Amino acid sequence: MFDLRKHQYNYFYNLATVVEDLIPANICDHLTTRINGIIADGLVDHVCHSSLGTDAVSDLGGAYNHHIFKGEDIRTHLPELAAVYHAVLPLISIITCSDTVVSPYAVSDINIKAYPAGGGTLGLHYDTNGITVLLSLTENTEAPLRMQIPRSHPSKKEPWIEHKNIYAKKGALLVMQGRKTLHDSEPTIAEQKLSVIMNYYERHDTYRHEDFDNFVYYGIKPAELV
Ligand SMILES: O=C(O)CCC(=O)C(=O)O
Ligand SMILES: [Fe+2]
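Our subject in this report is the structure included herewith. (Residues numbered from 1 in each chain as written. Chains lettered and ligands numbered in written order. Predicted model: local features only at pLDDT ≥ 70, side-chain atom pairs only at ≥ 80, totals over all residues. Heavy atoms only, no water.)

**A word on the coordination of the iron ion (ligand 2)**
Distances from the iron ion (ligand 2) to its protein donors, namely His125 (NE2), Asp127 (OD) and His183 (NE2), fall within the range 2.1 Å. For the iron ion (ligand 2), the donor residues sit on a single chain with the sequence spacing H-x1-D-x55-H. Across the pair, exposure class does not vary: His125 and Asp127 are buried alike. (Donors = N, O, S within 2.8 Å, 3.2 Å for Na, K, Ca; no water. Buried < 20%, exposed > 50% of the residue type's maximum accessible area, 1.4 Å probe, protein only.)

Put into structure tokens, the structure is as follows:
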């Protein structure tokens, strides 16, 4: 049974929780086949750059190598994923105990990052949006999402970082406080990894740095924050 308290605890204390078996495996496989057809037809961009990040976009300048489906690509080719994005909003709202809203940014509201086998990756960064939700379409034994969770306690002299690796489970939904945890996607070796990224905000806070989308989608180096 769905254990709301467990998800709220994990979301707040561990900065992420995973709701398993949200979408049946055969539906994920069907979506994967269509996604790979769209990539093979050259209809979506390949993001491939490294060392461009700055503090302005909360990025540490790692390597990026994945195909990207932007908001419009999803609405054109995979409209059912846009429906999922809207349909799970109440679930996200109760897990995060927040007045969750869908993103007002049409390029980045819902994306797919398709990491190819043999080096598909995403550099170390914080997310700009308050609530990040990842729907995994593949089951992976490699290329985990690597999270750094900042910890501190009055009984300890220094704060410390806890490292956590989360491997993609087909059909699972990960709900994460992406602004509070540095994270990346470890390079793939032999497997493809497909993440559907759904960005949500809280009603009172829909901030997004204006250079961020040019950086992540088009590899344009952002200006420093002044
Ligand atoms: O695909 C992943 O595991 C991570 C994706 C991510 O961090 C992002 O899109 O901001
Ligand atoms: Fe992220």
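**Considerations on the nonpolar core**
In globular proteins that are soluble, nonpolar side chains generally tend to be buried together. Counting residues in each nonpolar core, the largest one holds 33 residues, and the members touching the most others are Phe69, Leu78, Leu81, Met198 and Tyr200. Elements supplying a minimum of two residues to this core: helix 2 (25-40), helix 4 (79-87), helix 5 (89-96), strand 5 (110-115), strand 7 (131-136), strand 10 (173-176) and strand 12 (193-202). Sequence-distant contacts of Tyr200, defined by excluding residues within four places in its chain, comprise Tyr85, Val88, Leu89, Ile92, Thr100, Val101, Val102, Asn129, Gly130, Ile131 and Val133. Core analysis: the next-biggest nonpolar cluster, separate from the first, contains 10 residues, Met147, Ile149, Leu174 and Ile197 among them. (Core = buried A, V, L, I, M, F, W, Y, C linked by side-chain atoms within 4.5 Å. Helix = DSSP H or I, 4+ residues; strand = E, 2+ residues; numbered from the N terminus. Contact = heavy atoms within 4.5 Å.)

**With respect to the packing of aromatic side chains**
With the rule as written, the count across this model stands at four aromatic pairs. Ring geometry for Tyr11 versus Phe12: centroids 5.1 Å apart, planes at 85°, classification edge-to-face. Note on Tyr11: relative accessible area 4%, which makes it buried. Taking the ring centre of Tyr13 as reference, the NZ or CZ of Arg151 above it sits at 4.1 Å. (Phe/Tyr/Trp six-rings, centres within 6.5 Å; stacked < 30°, edge-to-face > 60°. Lys NZ or Arg CZ within 6 Å of the ring centre and 35° of its normal.)

**Points about the side chain of His7**
Within the element layout of this structure, His7 appears in helix 1 (residues 4-13). A distance of 2.6 Å separates the side chain of His7 from the side chain of Thr17, its partner in a polar contact. Sequence-distant contacts of His7, defined by excluding residues within four places in its chain, comprise Phe2, Thr17, Val18, Val19 and Ile95. (Polar contact = N/O pair within 3.5 Å; in protein donor to acceptor, adjacent residues only side chain to side chain.)

**A word on the site of ligand 1**
The environment of ligand 1 is made up of Lys113, Tyr115, Leu122, His125, Asp127, Leu134, Leu145, His183, Ser185, Lys193, Ser195 and Ile197. One of the side-chain N or O atoms of Lys113 is found 2.7 Å from an oxygen atom in ligand 1. At a separation of 2.7 Å, an oxygen atom of ligand 1 approaches a polar side-chain atom of Tyr115. The set of elements that each furnish at least two residues to the shell around ligand 1 consists of strand 5, strand 6 (122-125), strand 11 (182-185) and strand 12. (Near = heavy atom within 4 Å.)

**Considering helix 4**
Those residues of helix 4 that fall on the buried side of the exposure criterion are Leu81, Ala82, Val84 and Tyr85. For helix 4, the buried positions fall inside an angular range of 155° around the axis, keeping them on one side. Along helix 4, exposed side chains directed more than 90 degrees from the buried face belong to His86 and Ala87. (Arc of directions from axis to C-beta.)

**Things to note about the pairing of strand 10**
Both faces of strand 10 are covered, namely the face carrying Leu173 and Val175 and the face carrying Leu174 and Met176. Where strand 1 (residues 16-19) meets strand 10, four bridges bridge the pair, whose relative direction is antiparallel. Each bridged residue has a counterpart across the sheet, and for Thr17 the counterpart in strand 10 is Val175. By the bridge criterion, four bridges tie strand 7 to strand 10 in an arrangement that is antiparallel. Bridged to Leu134 within strand 10 is Leu174. (Pairing = 2+ DSSP bridges.)

**Some remarks on the side chain of Thr32**
Within the secondary structure, Thr32 sits in helix 2. The buried category is assigned to Thr32, whose relative accessible area is 13%. When near neighbours in sequence (up to four residues on either side) are disregarded, Thr32 contacts Leu137, Gln192 and Leu194.

**Some details on the environment of Leu4**
As for its position among the elements, Leu4 is in helix 1. Relative accessible area serves as the criterion here: at 25%, Leu4 is assigned to the partly exposed category. Remark: the alpha-carbon pair of Leu4 and Ile95, spanning 91 residues in sequence, is separated by 6.7 Å. Excluding residues that lie within four positions of it along the chain, Leu4 makes contacts with Ile94 and Ile95.

**With respect to the packing of helix 1 against helix 5**
Between helix 1 and helix 5, the shortest axis-to-axis distance is 8 Å and the interhelical angle comes to 70°. Between helix 1 and helix 5, the interaxial angle falls into the category roughly perpendicular. For the pair helix 1 and helix 5, the contacting residues are Leu4, His7, Gln8, Tyr11 and Phe12 in the first and Ile94, Ile95 and Thr96 in the second. (Axes fitted to C-alpha atoms, helices over the stretch in contact; angles between N-to-C directions. Parallel < 35°, antiparallel > 145°, perpendicular 65-115°, else oblique.)

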